[in-house]
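# Summary of the model geometry
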4 protein chains.
Amino acid sequence: MFPDVECSRLFARKGYKVALISRGPESLNKLAAELSQHGEAAGFPIQDYSPDSIRSAFVAIRTHFPSSSSPLRAALFNVGYGIWKPFLEITDEELHKSLDANVAAAFAFSREVITEFLKLGFEDPSEGGQGGSRKRGTLLFTGATAGVRGNVTTSAFAAGKHGLRGLVQSLAKEFGKQNIHTVIDGVILTDRTKIAFSDPDREANLDGRLDPDAIAKTYLGLVQQDSSALTWEIDLRPAHEKW
Amino acid sequence: MFPDVECSRLFARKGYKVALISRGPESLNKLAAELSQHGEAAGFPIQDYSPDSIRSAFVAIRTHFPSSSSPLRAALFNVGYGIWKPFLEITDEELHKSLDANVAAAFAFSREVITEFLKLGFEDPSEGGQGGSRKRGTLLFTGATAGVRGNVTTSAFAAGKHGLRGLVQSLAKEFGKQNIHTVIDGVILTDRTKIAFSDPDREANLDGRLDPDAIAKTYLGLVQQDSSALTWEIDLRPAHEKW
Amino acid sequence: MFPDVECSRLFARKGYKVALISRGPESLNKLAAELSQHGEAAGFPIQDYSPDSIRSAFVAIRTHFPSSSSPLRAALFNVGYGIWKPFLEITDEELHKSLDANVAAAFAFSREVITEFLKLGFEDPSEGGQGGSRKRGTLLFTGATAGVRGNVTTSAFAAGKHGLRGLVQSLAKEFGKQNIHTVIDGVILTDRTKIAFSDPDREANLDGRLDPDAIAKTYLGLVQQDSSALTWEIDLRPAHEKW
Amino acid sequence: MFPDVECSRLFARKGYKVALISRGPESLNKLAAELSQHGEAAGFPIQDYSPDSIRSAFVAIRTHFPSSSSPLRAALFNVGYGIWKPFLEITDEELHKSLDANVAAAFAFSREVITEFLKLGFEDPSEGGQGGSRKRGTLLFTGATAGVRGNVTTSAFAAGKHGLRGLVQSLAKEFGKQNIHTVIDGVILTDRTKIAFSDPDREANLDGRLDPDAIAKTYLGLVQQDSSALTWEIDLRPAHEKW
C-alpha cells in the first residue's frame, strides 16, 4: 500500500497488517514504527516508481508477509505526480513523468496486486478483515478532478489522471467477474486542496477542504462493500466547495 | 422516509426513530410494527404522491415526532415509477405519472426535508446519530441506470430519472454551503434487477444482483460521511454485472 | 418546427418548406411572411404547449403541407421554460411548467414527428433536401447546460432539461435502427446567454456569446450527417467562454 | 496532418494545401501524389512517433510550405495504437507504446501546431479557407470509445485514449481564449470498427459501420465552425450501432 498516512492508520487500527511502499525511507520507517504500535506494519522503500522497482517491492513484501499467513485483501495506489503549468512550458520529460507515475506505475502495481488476489479464495471471517463480503480483494486508486475534467493548466496532469481512470474502469470490468473490486475516487480535489492550503481562511474551515480522516473512512467503507453492490468510482468534496 | 425495507431496518437498529411514508397502509403498518421492536417507528400512509399528500404526511410526522425531541437528520426518497415500453405505445398519462412520481414528488419531499434541516444546528453527539460530522442532515435519493443513460424502451422512465438527477445535483450544490448533504445513487440497476429476478440462475447468484442489505449499508456509510468529504452521486452494481 | 428564427431562415434558404409552431401568432406570422420570400413557409399558432395543442398543430400542418408532396425530413424542438430561482422559492406550479414545456411537450412533439418519419422511405435526392444520407429524418432538440449539470438556482430548470436529455437519448437508441436521427445540443449555454446579454462588454464580443447564425449552421450540418456516422449530442460554446 | 485518407482528400478538394506525416513512406507518397491532382500536397515520412521525429517533420513542413504563404489553419492527429488484450498479458512495453503513440505523440504534435497558430492572426477570406470564422486554427484529434469508457480488454488502450481526452479538454480550455479551436471525436467506434469488418453482413450494411467519407464531412464541419459556437467533443456512430 502506498501510504496515505491517515488511511494506513485507520486500516492498522482495524487489524490489517500494513505494508508501505514509498520513496523516502525515513518518513516511511517513521510511519511503519508508529503503525507497529497498533499491529504489524513494515516499510518497503523503492528508488523510483518504475515497474521493476514496484515488482521488487512486492517480492520483498511476500518474503516479509508470506501469502499463506498474510493474504493480501486491500491495496491503495496513492502515487500522484501533479503538474500545473501552461501547456507550452511543459517539457516532454515532465509529460513522461506524469504518464509514468500516474499510469505506468499504477499499471505495474495493479498487476502485482491482481496476481495475488487471483491466487486467493474469497476472504474468510477468520482472517480478521471483511470476511463475508464474497471478495478476493479491493484495489483502491486515488484519482483527482483532473481525471474527470481537463482545465487550463492541466494538460500533462489531466493526461495522466484521465489515463489512470481509463485503466481503472477497464480493470473494474475485467475482474469484477472474479470478485475483485477495483475503485477510484474520481473527483477528489487534490489539485484544489493544494490551493486551499495557501488560503488561511480555507485552512481553518473544516468544511472547505478535504480531511484525510474523512477520506480514509470512506476508503474503509468501500473495502467493506459486499460483492452484490460495488462502487467503481466515487466523488468526494468538501461541503463548502463550489463545483 | 419512504421505506426501503432493509434500509429502514438498518437505521432502526442503529437507533434512529423511523417515520415511514407510503401508499398501502397495510404493508406500512406491518413494517412499522416490526421496526418498533428495535426502537421508535411509525407509518404515515398517503393516498398518492402529490405534493399536497406529501405535505400532509410531514405535518403528521411533526405531530408524532416533534422537531424538538426528534430532529430530522436523515431522509430517503425511494419512490419510483418504472415504465419500459416502446415509445409510441406510451401515453401522455403514463409520461405524467413518471414525471409526477420521479420528479415532482421528490421536489415536494425535498422541500419538506430541507426546510426542517435548515431549522436545525449541526447534529450533536447527544442525539444518538452521527453527531460530529458537522451536518444538518442527509437527504438520499434512489436513482436508476435510466437516470444516467437512456435506452430503447426507457423514454418515459429515463425522462423521469434524469429529471430527478438534475434536481438532486442542483440541491447538492445549493445546500452544501449550509452543510446539508444531498446524494443520489446514480447507477443502481433497479431496472435490471427487475429482469434479474425472472432468471433463476441470476436469482441464485448473490454477486449477480443487488442485495438490499448491501445497499442499506452503503446508504448508512453516506449518512456517516463528514462535511469535509461528501459524495453527491454513487454507483452500485453487482460484481458479476456486465456494464 | 418550433421557430428558432435563424435556423428557420437558413433552412428556408436551403430550399426546405418551413412549418412554424408557436404561441404568439403575430411574431409567427411575421416570420412566416419573411420566410415566404425564400420559399414556402407557414405559421401554426397554438395556445399552449399541451399535447393536445401540439397534436392539433400537426393536423393543420398535414392539411397545409400534405405528406405526399411535402414529406417531413427535419424537425426542431426549441421550446424552453427557463427558471432560475432559489429552490425554496419555486412553487409546485413552476416546477410543473418546467416539466410540461421541457419534457411533456417534447414527448408529444416527438410522437408526431416520429410517426411521420416512419411512414416515409429514405429521403430521395429528388426531394431537394439531403437525399443520399439514408435517413428517414432528423429530429433536433435545443438543450442547455442545465441538462448536463445542475447548479445553485436550477433545481426546476435542470429537472426539466435533464428530463429532456433522458428522453432524447432513449429516442436516439430506439429509432436509430430505423434510420431516424435524434440529436440534442447538450451544452448550449442558453442559461448563460441570458446573463451575457446584460453585460455590454460581452454583448460586443462575438466570441463571448453564442451567435444564432453559428448555431443554425451546426444544426444544418447535423441534418446533413449520413446514417453511417451520426451524432446524438453536441456541445456548443463561445471560444471565450470559461467552462 | 496525420493522414486520414478520406479526410485528406476532402480537404484537398476544398482547396487546402495538405502536408501528410506518417511512418511508411510508400503509402504516404502514393497518397501525396493522388492529392496533388487536386492541389498542393506533400508527404513527410517519419521513423517513429517520438517528439523528436514530430518536431523534425514540422521543420521540414515549414521549409516546404512556408508560414508566410501557407499559414497552418487545420491539423488532424489521427495516430492510434490500439491494443485489446487481457490485462495480465499486456507487457510494460505495450503499455508504453500506447502512452507514447496516443498521448506523448499528440502532446508533441499539439505543441508544434499551437505554436504555429499563435503566430497567426485570424484567418482571412483571401486565404481560401474558412476566413470569417474568427479563428487562428482548428486542431482535431481522432478519439475512440475507449477514451470515454474502459472495457474488459482495454486497460492499456483506454489508458492511452483517456489520456488523450484529458489532454485535449485541457487544450480546448487553455487556448479557446486565443480563438484556437481544439476538438476530439470522443466516441468514434474505431475499436468496434475493427470487429465490424470481420463480419460480412456488417461490412455490407452502410448504416452499421462508420464510413470514412461521412467522418471527413463532419471534420470539415468542425473546421468551419465559427468562434461563437465551438464544439470540443463529438460522438459519431452508425445509425444501426447498439450502444
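- In the annotation of an unreviewed UniProt entry, the entry for chain A reads Short-chain dehydrogenase/reductase SDR, and the organism field reads Pisolithus tinctorius Marx 270.

### Here's the deal with the overall build of chain A
- Per the secondary structure count, chain A includes eight helices and five strands.
- From first element to last, N terminus to C terminus, chain A shows the α and β order α-β-α-β-α-β-α-β-α-β-α-α-α.
- For 243 residues, the compact-globule formula gives about 18 Å, and the C-alpha radius of gyration of chain A, at 18 Å, lands near that figure.
- For chain A, the C-alpha atoms occupy an extent of roughly 50 × 40 × 40 Å along the three principal directions.
- Relative to its full complement of 243 residues, chain A shows a buried share of 60%.
- Pairs at least 24 apart in sequence give 70% of the contacts found in chain A among residues at least 6 apart.

### Some points on the packing of aromatic side chains
- Summed over the entire model, instances satisfying the criterion amount to 32 aromatic pairs over all chains.
- Between F11 of chain C and Y16 of chain C the ring centres are 5.1 Å apart and the planes differ by 55°, which places this aromatic pair in the tilted class. Per residue, the accessibility class of F11 of chain C equals that of Y16 of chain C, and both read buried.
- The ring of W243 of chain A carries the charged tip of R237 of chain A above its face, separated from the ring centre by 3.8 Å.

### Details of the interface of chain B and chain A
- Of the residues lining the interface, 33 residues belong to chain B; the matching set on chain A comes to 33 residues.
- Where chain B abuts chain A, roughly 2800 Å² becomes buried across the two surfaces, and 49% of that area is made up of carbon and sulfur atoms.
- Along the contact surface separating chain B from chain A lie two salt bridges.
- Taking the shortest distance from any N to any O, the salt bridge between R134 of chain B and D207 of chain A comes out at 2.5 Å.
- The interface formed by chain B and chain A includes 26 residue pairs in polar contact (both at pLDDT 80 or more).
- Counting residues per element, the ones that place at least two in the side of chain B that touches chain A are helix 5 (155-175) and helix 8 (212-223) of chain B.
- Split into classes, the residues belonging to the side of chain B that touches chain A amount to 12 nonpolar, 10 polar and 11 charged.

### A short note on the sheet that holds strand 5 (residues 180-185) of chain B
All names here are of chain B.
- On the basis of which strands lie adjacent, the open sheet formed by three strands has the order 3-4-5 and parallel pairing. Every interior strand has two partners, whereas the edge strands, strand 3 (74-77) and strand 5, have only one. Strand after strand, the sheet turns through a mean of 15° between neighbouring axes, direction not considered.
- Examined bridge by bridge, strand 4 (residues 137-142) and strand 5 share six bridges and lie parallel to one another. For G137, the partnering residue across the bridge sits in strand 5 and is I180.
- Here helix 5 sits on the sheet and contacts strand 4 and strand 5; the angle it forms with strand 5, its principal contact strand, is near 155°.

### Topic: the sheet that holds strand 5 (residues 180-185) of chain D
All names here are of chain D.
- Spatially, the three strands line up as an open sheet ordered 3-4-5, and their pairing is parallel. Here the strands that pair on one side only, and so sit at the sheet edges, are strand 3 (74-77) and strand 5. On average, each strand axis in the sheet is tilted by 15° relative to the strand beside it, whichever way the strands run.

### What about the interface of chain D and chain A?
- Taken together, the 42 residues of chain D in the interface contact 42 residues of chain A.
- Here chain D packs against chain A, burying approximately 3400 Å² in sum over the two surfaces, 64% of which is carbon and sulfur.
- Interface area lost by chain D to chain A is led by F87, D92 and F107 of chain D, which between them contribute 20%.
- Summed over the shared surface of chain D and chain A, the number is four salt bridges.

### Observations regarding the nonpolar core
- Within the largest apolar cluster, 95 residues are counted, with the highest numbers of intra-cluster contacts made by F109 and F141 of chain B together with F109 and F141 of chain C.
- Formed by 93 residues, the second largest nonpolar core is a distinct cluster that contains I21, F107, F117 and A156 of chain D.

### Some details on the relation of the copies chain D and chain A
- Take chain D, turn it by 180°, move it 0.0 Å along the axis, and it overlays chain A with an RMSD of 0.0 Å. Those values place the two copies in the arrangement expected of a two-fold rotation axis. Closest to the rotation axis within chain D is the C-alpha of G163 of chain D, separated from it by 2.1 Å.
- Most of the interface of chain D is mirrored in chain A, where 100% of its interface residues are also at the interface.

### Focus on the pattern of salt bridges
- For the structure shown, the criterion picks out 56 salt bridges over all chains.
- With a closest N to O distance of 3.1 Å, D92 of chain B and R55 of chain C form a salt bridge. Highlighted residues: D92 of chain B in helix 4 (residues 92-119) and R55 of chain C in helix 3 (residues 51-64), drawn from two different chains.
- Residue classification places D92 of chain B among the buried residues on the basis of a relative accessible area of 16%.
- The shortest N-O distance in the salt bridge between R62 of chain C and E116 of chain C comes to 2.8 Å. Within this pair, whereas R62 of chain C is found in helix 3, its partner E116 of chain C is found in helix 4 (residues 92-119), the two being separated by 54 residues in sequence.
- What emerges from the salt-bridge pattern is a single network uniting D52, R55 and R111 of chain A together with D92 of chain D.

### Some points on the side chain of T218 of chain D
- Tracing the backbone shows T218 of chain D in helix 8 (residues 212-223).
- Among the residues examined, T218 of chain D registers a relative accessible area of 10% and is labelled buried.
- Contacts of T218 of chain D, omitting those with residues within four sequence positions, involve Q225 of chain C together with I234 and L236 of chain D.

The rules behind these values
Residues numbered from 1 in each chain as written. Chains lettered and ligands numbered in written order. Predicted model: local features only at pLDDT ≥ 70, side-chain atom pairs only at ≥ 80, totals over all residues. Heavy atoms only, no water. Helix = DSSP H or I, 4+ residues; strand = E, 2+ residues; numbered from the N terminus. Rg over C-alpha atoms; globule rule 2.2 N^0.38 Å. Buried < 20%, exposed > 50% of the residue type's maximum accessible area, 1.4 Å probe, protein only. Contact = heavy atoms within 4.5 Å. Phe/Tyr/Trp six-rings, centres within 6.5 Å; stacked < 30°, edge-to-face > 60°. Lys NZ or Arg CZ within 6 Å of the ring centre and 35° of its normal. Buried area = accessible area lost by both parts, 1.4 Å probe. Salt bridge = Lys/Arg side-chain N within 4 Å of Asp/Glu carboxyl O. Polar contact = N/O pair within 3.5 Å; in protein donor to acceptor, adjacent residues only side chain to side chain. Nonpolar A, V, L, I, M, F, W, Y, C, P; charged D, E, K, R; others polar. Pairing = 2+ DSSP bridges. Axes fitted to C-alpha atoms, helices over the stretch in contact; angles between N-to-C directions. Core = buried A, V, L, I, M, F, W, Y, C linked by side-chain atoms within 4.5 Å. Least-squares fit on C-alpha atoms with pLDDT ≥ 70 in both.

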